[in-house]
Structures are given as C-alpha cells and as structure tokens.
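Report on the structure
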Amino acid sequence: MKWSPITERDYVLIQCLGDVLCQELKRSEYFNISISKHMVTVLERLLAKEHVPDSQLISTLAPIGWSDTGPFVCAVVKPASPYYSRETIISTAEMVCSELGGGVLFVMDGQEIVFVINARHVEGSPLDMAGKVFQSLSEHQYKMTMGVSTEFLKLKDLPDYRQQAADAIDVGVTKRHPNDPHPQTSNDCYYFEDYVLDFIIDKCCTRVLPETLCPPGLLALIEYDRANGTEFCITLREFLDNNMQVSETARRLFMHRNSLIKQLAKIRKILQIDLDDPNARLMLSFAFRILEGRCDVIKRATPPLLDKRFSHTLPERKCQIRTSGIVESGHLDHGPKATSPRQLA
C-alpha cells in the first residue's frame, strides 16, 4: 500500500479524532485499562466505607489474579497544582500502572490518585514499589506529593490505610524527618512508618497542653536546669537513648565516667522516678519528644570537638611541615619548644 504524505487537511481530521477520544474518556470517567470499570466501582465503595460482600470482592479481583489478602500498601498522590485536568491525572496514573505491571492498581478519589500495591505481584517489598511509583510519576513530569501507608493484610481495610497515607503527607510536610530512610524521595514522598510518633504526638497535643503529658519529675528537672544553668535534661535524654549504658553515654557526652555517675545520682534525686522501670523510661522518652521544639531546655546533645571552656587556653599557631624530613609518627611539628628564663639570660 502506498502512503501519501500528511497534508494540512489530515491534521484537522486528526484533531477531530482526538477530540472525540477525549469526550469518550470523560464519559467513561476512568481510563484504567488494567482493571474493569466494575472493579473501579468496588474500590470506590471500599474507600467510601460502604459494605462490600467478601464473595463480591473475591470474584471482582479474580480476573487479574488478585485475592483479598495481601500484604498491600496504599499510596495517596496529591497533585501540586490545582490546574491539572482530571484526564491528565488519570492518563498519567494509567501509564505508571502499565510500566510497573499487574501489581499496582489505582482509583481516583476526588483529584487524588489512590494506588493499591499488592506485594504478591511485585518484585521486592511493596514499600520499594511505592518508591518506584513516585519515581515513575516524577519521570512523567508530574508534580505532586505522595504519602505511603504501612503494610496491611486485608483489602477491606483500604480506607483506613488510605487515611494513614494522607496523614503521612500532613505530618511529613511539617516535620521533615531528618533521618528519612528514603532519601531519593524525601522531598515529596512521605512514609507513615517514619512519622508514627510525630503523628501520635500531634494528635495528643491538639487536645491538651504538652506539659500535662509529662511526668512531674521531668518538669522539676527542667526547672532545676533553668534555675542553675545545668544540662541535666540533656544528660538524662542521652542516657535513655543509649539504653542506660553509662560508658557509651559518657563517651557521647565527652564526660568522665565517674562524673556522669555523680550527675545521674543528682538527676535521680530530682526526678523521683525509678529509671529501672521500663514504663517509666518509655514515658520519659515520649515526654522528651513531646517537648522537643516546645521547651528551650529540651534539646539534643551536640558536644563540640573542643570544649569551649578550655579553648582560650590554647593559643593559635600555624602547624608547619618539617622540611628536613617526614615525621613518621604522624605528629605535626608545632615549632620550637619554649625557651627557659635561664637560657634567655
């Protein structure tokens, strides 16, 4: 068959064909070729917390080889711009699902994309696949923020874990966890498992004053630090963080072991709390996290390389390398030794 060159009239026909296809996509609402429209309806009902019989759910998932048991992971994608059209969002999500295979489904919830990842049908962990979803969306130049839930076993629990993924975004955006284990997606993707404690604290502190959740002994220790200029709260927190290991705590605080033991004895006396009780230690650690950023005394230990108290006694001098030979011991020559008064005479 001989093909003729495309003329200007052909471009008009192609544009008309494109308009017709767009209208059909709008009419069908979902361009998700990996699953049927009936399956989309079932997922929508789950997200709306409507009752879906087990038999209906199982029969709906069967054509794609899924069951109603996981593990699953839910990822919620919020577009960064309100100007993305619904068709753009749907087509982008469909391309992502096509690239990543049959282990990822999606459904629209308003303007947000809700991805469901099935661990039985993906390589690696479902959390790793969530990272690939984010990466694929980024490669398609889709600007968004994504939250990822923890793993769950029953697909019927999807609405609760969809909320969890949304909470990961809300908490993660404000907290910016410094020890994010997923650095490749740390700016726009937030994993709920990284923000569980921050989420609990935020929920608690929206109803009551943070101080009311702290043991009275810790509040007394805070007032003691303020009144005396001590850093007993820093010492106590480091001691708890190091599982009450005196030697490791002393090393991290740049303190002598015996000095730390004496300081801990004073702390215990002020606290009036049994640190051998695991529940008491848990409550103290929780209180430290609650007060972090809300109390000037509560902060992390950041021991300097050189204690400022003694820095004034060490004069500045430029270290020069010997030209007569190399010091094999690795020590730098600090210049000639001080001359005694008798030698000066």
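Our subject is the structure listed above.
Report on the accompanying structure. A quick note: this is a predicted structure, and the numbers were derived from the prediction, not measured. (Residues numbered from 1 in each chain as written. Predicted model: local features only at pLDDT ≥ 70, side-chain atom pairs only at ≥ 80, totals over all residues. Heavy atoms only, no water.)

**A closer look at the overall build of the protein**
Rule in force here: Labels follow the DSSP assignment, with helices taken as runs of H or I lasting at least four residues and strands as runs of E lasting at least two, numbered in each case from the N terminus. Three labels apply to residues, based on accessible area from a 1.4 Å probe with only protein chains included: buried if under 20% of the type maximum, exposed if over 50%, partly exposed otherwise in between. Two residues form a contact once any of their heavy atoms are found within 4.5 Å.
Regarding its fold elements, the protein presents 14 helices and six strands. By residue count, 37% of the 345 residues in the protein fall in the buried class. In the protein, of all internal contacts separated by at least 6 residues, the share reaching a separation of at least 24 is 63%.

**As for the nonpolar core**
Generally speaking, soluble globular proteins have nonpolar side chains that are buried together. Filter applied, for reference: Buried Ala, Val, Leu, Ile, Met, Phe, Trp, Tyr and Cys residues that are joined via side-chain atoms within 4.5 Å together make up what is termed a nonpolar core.
I113, F115, M146 and V148 are the most contacted members of the largest nonpolar core, which has 28 residues in total. When residues of this core are traced back to their parent elements, those giving at least two are β1 (69-79), α4 (86-100), β2 (104-109), β3 (112-118), α5 (126-139), β4 (144-148) and β6 (189-191). If you tally residues by element for this core, the top one is α5, at six residues. The residues contacting V148, other than those within four sequence positions of it, are V73, C74, A75, L127, A130, A165, A168, C189, Y190, Y191 and F192. With 25 residues, the next largest nonpolar core counts L218, M244, L253 and L275 among its residues.

**Overview of a nonpolar patch on the surface**
Applicable threshold: Exposure above 30% relative accessible area and the lack of any salt bridge qualify a residue for a patch; like charges then connect within 9 Å, and the nonpolar side chains Val, Leu, Ile, Met, Phe, Trp and Tyr within 5 Å. Residue burial considers only the protein chains on display, and all accessible areas are found by Shrake-Rupley using a 1.4 Å probe. Any carboxyl oxygen of Asp or Glu within 4 Å of a side-chain nitrogen of Lys or Arg constitutes a salt bridge here.
The grouping of V196, L197 and I200 at the surface amounts to a nonpolar patch, some 190 Å² of accessible area in total. Considering the arrangement of structural elements, one finds I200 in helix α7 (residues 196-205). On the accessibility criterion, I200 (37% relative accessible area) is partly exposed.

**Overview of the packing of aromatic side chains**
The condition that has to hold: Planes of paired rings set the category: under 30 degrees apart is stacked, over 60 is edge-to-face and the rest tilted, where pairs are Phe, Tyr or Trp rings (Trp by its six-membered ring) whose centres lie within 6.5 Å.
Inspection of every chain in the model, using the stated rule, returns seven aromatic pairs. Where W66 meets F72, the ring centres are 6.0 Å apart and the plane angle is 35°; that geometry is what we call tilted. For W66, a relative accessible area of 5% puts it in the buried group. Residue classification places F72 among the buried positions, given a relative accessible area of 0%. Residues Y224 and F232 carry aromatic rings whose centres are separated by 5.4 Å and whose planes lie at 10° to one another, so their mutual orientation is stacked. Judged by relative accessible area, Y224 falls into the partly exposed class, the value being 31%. An aromatic cluster of at least three residues, connected via ring pairs, comprises W66, F72, F152 and Y161.

**Section: helix α3 (residues 54-61)**
Rules: Our arc is simply the arc of the directions from the helix axis toward the C-beta atoms.
Turning to α3, its buried residues number three or more, namely L57, T60 and L61. Seen end-on, α3 carries its buried residues on one side only, within an arc spanning 90°.

**Notes on the environment of V77**
Checked against the element boundaries, V77 lands in strand β1. Measuring from C-alpha to C-alpha, the distance between V77 and V148 comes to 8.9 Å, with 71 residues separating the pair along the chain. Apart from the residues lying within four places of it in its own chain, the contact partners of V77 are E112, I113, F115, L137, Y142, M144, T145 and M146.

**Quick notes on the environment of F106**
Summarising the element assignment, F106 is placed in strand β2. With relative accessibility at 1%, the residue F106 sits in the buried group. For the pair formed by F106 and V76, sequence separation is 30 residues and the distance between their alpha carbons is 9.6 Å.

**Observations concerning the pattern of salt bridges**
A side chain of one charge can pair with a side chain of the opposite charge if their charged atoms are brought near each other. Enumeration over the complete set of coordinates arrives at 10 salt bridges. Between K156 and D54 there is a salt bridge, with its nearest N and O atoms 2.7 Å apart. Note that K156 is positioned in the loop between β5 (152-154) and α6 (158-175) and D54 in helix α3, a separation of 102 residues in sequence. Linked through salt bridges whose partners overlap, the residues forming this network are D109, E112 and R162.

**Looking at the packing of helix α10 (residues 246-253) against helix α11 (residues 257-271)**
Geometrically, a packed helix pair is captured by the angle between its two axes and the distance between the axes. Going by this rule: Note on method: axes are straight lines fitted to C-alpha atoms, helices fitted across the in-contact stretch only, with angles between N-to-C directions ranging 0 to 180 degrees. Each angle is binned into one of four classes, with values under 35 degrees roughly parallel, values over 145 roughly antiparallel, values of 65 to 115 roughly perpendicular, and all other values oblique. Note on residue categories: nonpolar means Ala, Val, Leu, Ile, Met, Phe, Trp, Tyr, Cys or Pro, charged means Asp, Glu, Lys or Arg, and polar means any other residue, Gly included.
One way to put it is that α10 packs onto α11 with a least axis distance of 9 Å and a crossing angle of 105°. Judged by the angle between their axes, α10 and α11 are roughly perpendicular. On α11, the residues touching V246, S247, T249, A250 and L253 of α10 are R257, L260, I261 and L264. Along the lines of polarity and charge, the residues of the contact of α10 with α11 split into six nonpolar, two polar and one charged.

**Thoughts on the pairing of β2**
Side chains on a regular strand alternate between the two faces of the sheet. Heads up, the condition is: Strands qualify as paired when DSSP identifies two bridges or more between them.
The buried fraction of β2 is high, at five of six residues. Across six bridges, β2 lies against β3 in antiparallel orientation. Its bridge partner being in β3, V104 is matched across the sheet by I117. The hairpin formed by β2 and β3 contains two residues between the paired strands, and G110 there has a positive phi angle of roughly 70°.

**Description of the pairing of β3**
With respect to burial, β3 is a largely interior element, seven of its seven residues being buried. Side chains of β3 alternate between two faces, with E112, V114, V116 and N118 and I113, F115 and I117 buried alike. As paired strands, β1 and β3 are joined by six bridges and run antiparallel to one another. In the sheet register, C74 faces β3, and the bridge partner there is V116.

Spatial relationships are all this shows, so hold off on functional conclusions.
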